[in-house]
Amino acid sequence: MDFTLNEEQLAVREAARDFAQRVLKPGVIERDSTMTYPTDEVRQMAELGFMGMMVDPKYGGGGMDSLSYILALEELSKVDNSCSVIMSVNNSLVCYGLETYGTEEQKQQYLTKLATGEWIGAFCLSEPEAGSDATSQRTTAVDMGDHYLLNGTKNWITNGGTSKVHLVIAQTDAEKGHRGINALIVETDWEGVTVGAKEDKLGIRSSDTHTIMYSDVKVPKTNRIGEDGFGFKFAMKTLAGGRIGIAAQALGIAGGAYELATAYSQEREAFGKPISQHQAIAFKLADMATDIEAAKMLVYRAAWLKDAGKDYNQAGAMAKLYASSVAMKHTVEAVQIHGGYGFVKEYHVERLMRDAKITQIYEGTSEVQKIVISRGLLKGDLY
Ligand code: CAA
Ligand code: FAD
């Protein structure tokens, strides 16, 4: 395995780093404090091609590999995790799901607009009573012949208020369990779609997370993704790749905290020398760098497996499990290295600490990742 980055990957990383530091950083504290959606920033991300990076250029995407996408997400996540989750959902859940499992008509109608960022998409699986236990869908899609009648409530939906398209997972035939679930493409301006209030969150505060209500929404049969009953597998297969994206987000959060802590420790003096010269602080930096490097190997390897057409289900789960724990642990350490300054917004590390927590929860909690990993192990899928 060779992780030497090629010219395209290096250029993408550099462009993302420049964008994050130059465009995202100046307003990130304000947007976080006021829960302001990054409208202009997302528009610029679309112009840079960041909203459909892996999509085939014939549908308006960047045609890049997963590793390039991961590198871009990592750089954005060092600075603004509201922007990186908006990007991640659009790329790895919505565009990937449509491109891989949609019909040509669905791709022409929807993917072409989503890949360019003209439209933003949302992925609607979670419900008030179906989070980790995702097969317990209460939202129903009743087969009415030429269309489905969609009723139910989804919650915690990222891009909930700004999206034009939802990929909605719903139960059509409860007797068939997970084999009776469908995935439907729903346009948000259709009658019966209602967006609830924006959630006031611990972290990623300027991303828009909403409850969505569907009341007698008529969804044409042509908007079903895959065969009848494919919806749960669609969600699982799509999330397997999405989890590599969230792992990259966690890696970026840890990396951003490390960069800030290292720079601060070299400037801040105590007892007559920079605090980096005190072994207790230097050893924290050593632990951070080592854990981040280990997380990077897992995350890049999962992306490499995906690009190589190999199975990445467990590799992605391992990457997310480990990188999110590294992000949580070391953002706390970055605050500690900053002392009192770390506790105020101006120094950025407290925001990264708050943002880190969600990477252990969404796209499958850490406990869910352990279910995925252990089931694979016991089936003999690994090693
Ligand atoms: N690929 C293909 N098929 C898969 C699969 C995968 N990765 N994972 C499961 N399946 C299949 C199984 O093979 C099984 O099919 P068969 O019966 O035909 O063999 C079927 O799906 C059901 O699988 P399980 O029996 O394993 O299902 P389960 O009820 O035990 O649940 C679970 C397994 C892993 C816990 C799953 O429910 C899960 O992933 N839960 C977490 C949900 C989640 O990640 N939500 C994220 C929402 S999106 C989001 O969060 C976005 C954001 O924040 C930004
Ligand atoms: P629960 O499933 O109720 O879990 C509660 C606790 O019990 C967790 O610690 C969990 O790990 C543990 N637990 C549950 N079952 C088991 C088990 N079998 N073994 C061991 N432990 C278990 N969802 C979407 O569909 N689309 C989105 O865009 C989206 N964006 C989100 C954005 C934010 C900011 C947030 C907070 C959530 C988002 N989610 C989204 C929802 C997210 O995926 C769920 O919150 C997550 O899957 C957990 O579900 P839950 O909140 O219902 O927790």
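Criteria and cut-off values
- Position numbers for residues start from 1 in each chain and track the written sequence from start to end.
- To read the labels, note that chains go from A and ligands from 1, taken in the order they are written.
- Where local features are concerned, this predicted model is filtered to residues with pLDDT of at least 70; where side-chain atom pairs are given and counted, the filter is 80 or more; whole-chain, interface and lining totals use all residues.
- Whether a residue is near a molecule or strand depends on its C-beta atom, placed from the backbone, lying within 6 Å of it.
- Only DSSP runs of H or I covering at least 4 residues are called helices, and only runs of E covering at least 2 are called strands; the numbering of each starts at the N terminus.
- Any residue that is not Ala, Val, Leu, Ile, Met, Phe, Trp, Tyr, Cys, Pro, Asp, Glu, Lys or Arg is counted as polar, Gly included; the first ten are nonpolar and the last four charged.
- For every domain, the bounds stem from an assignment made automatically or drawn from a database.
- Once C-beta atoms are placed from the backbone, any two residues with those atoms within 7 Å are in contact.
- UniProt positions are given in the numbering used here, feature names are shortened, and annotations may be inferred rather than shown by experiment.
- What counts as an axis is a line fitted to C-alpha atoms, over the stretch in contact for a helix, and the angles between N-to-C directions run from 0 to 180 degrees.
- Angle categories: roughly parallel below 35 degrees, roughly antiparallel above 145, roughly perpendicular from 65 to 115, and oblique for all the rest.
- The crossing is said to be left-handed when, going from far helix to near helix, the turn is anticlockwise and less than a right angle, and right-handed when the turn is clockwise.
- Here, expected helix span is obtained from the residue count minus one, scaled by 1.5 Å.
- Residue burial is a threshold on neighbouring C-beta atoms within 10 Å of the residue's own C-beta, all placed from the backbone, with 20 or more meaning buried, 12 or fewer meaning exposed, and counts in between meaning partly exposed.

**Overview of the site of ligand 1**
- The immediate surroundings of ligand 1 are formed by 23 residues, with A134, M236, Y362, E363 and G364 found nearest.
- At the level of secondary structure, the elements contributing two or more residues to the shell around ligand 1 comprise α4 (81-101), α6 (231-267) and α10 (366-379).
- Looking at the shell around ligand 1 element by element, the count peaks at six residues for α6.
- Of the residues contributing to the shell around ligand 1, the split by class is 13 nonpolar, seven polar and three charged.
- When residues are assigned to domains, the shell around ligand 1 turns out to be shared by domain 2 (122-231) and domain 3 (232-379), each giving three or more.

**Some details on the domain arrangement of the chain**
- Per the domain assignment, the segments of the chain are domain 1 (7-120), domain 2 (122-231) and domain 3 (232-379).
- Of the residues lining the interface, 15 residues belong to domain 2; the matching set on domain 3 comes to 10 residues.
- In terms of residue class, the side of domain 2 that touches domain 3 is made up of nine nonpolar, six polar and no charged.

**Side note on the UniProt feature "domain: Acyl-CoA oxidase/dehydrogenase middle" (unreviewed entry) in the chain**
- If you check UniProt for "domain: Acyl-CoA oxidase/dehydrogenase middle" (unreviewed entry), the listed places come out as residues 122-217 in our numbering.
- Helix makes up 0% of residues 122-217 and strand 50%, whereas the separation of the span's terminal C-alpha atoms amounts to 17 Å.

**Description of the packing of α4 against helix α5 (residues 104-115)**
- At a minimum axis distance of 9 Å, the contact between α4 and α5 shows a crossing angle of 160°. One finds that α4 runs roughly antiparallel with respect to α5. Seen along the crossing, α4 lies across α5 with a hand that is left-handed. Listed contacts from α5 to N90, V94, C95, L98 and E99 of α4 are Q106, K107, Y110, L111, L114 and A115.
- Split into classes, the residues belonging to the contact of α4 with α5 amount to seven nonpolar, two polar and two charged.

**Topic: the site of ligand 2**
- The local shell around ligand 2 holds 23 residues, among which S126, G131, S132, W156 and T365 are the closest.
- Elements represented by at least two residues in the shell around ligand 2 include exactly β1 (121-124), β3 (147-158) and α10.
- Among the residues forming the shell around ligand 2, the class breakdown is 12 nonpolar, seven polar and four charged.
- For the shell around ligand 2, the domains that each give at least three residues are domain 2 (122-231) and domain 3 (232-379).

**Examining helix α8 (residues 313-338)**
- For α8, spanning 26 residues, the distance from its first C-alpha to its last is 37 Å, which sits close to the expected 38 Å at 1.5 Å a residue.
- Counted residue by residue, α8 has 21 buried out of 26 residues, so it is predominantly covered.
- Looking one or two places after α8, you find G339, whose phi comes out positive at around 60°.

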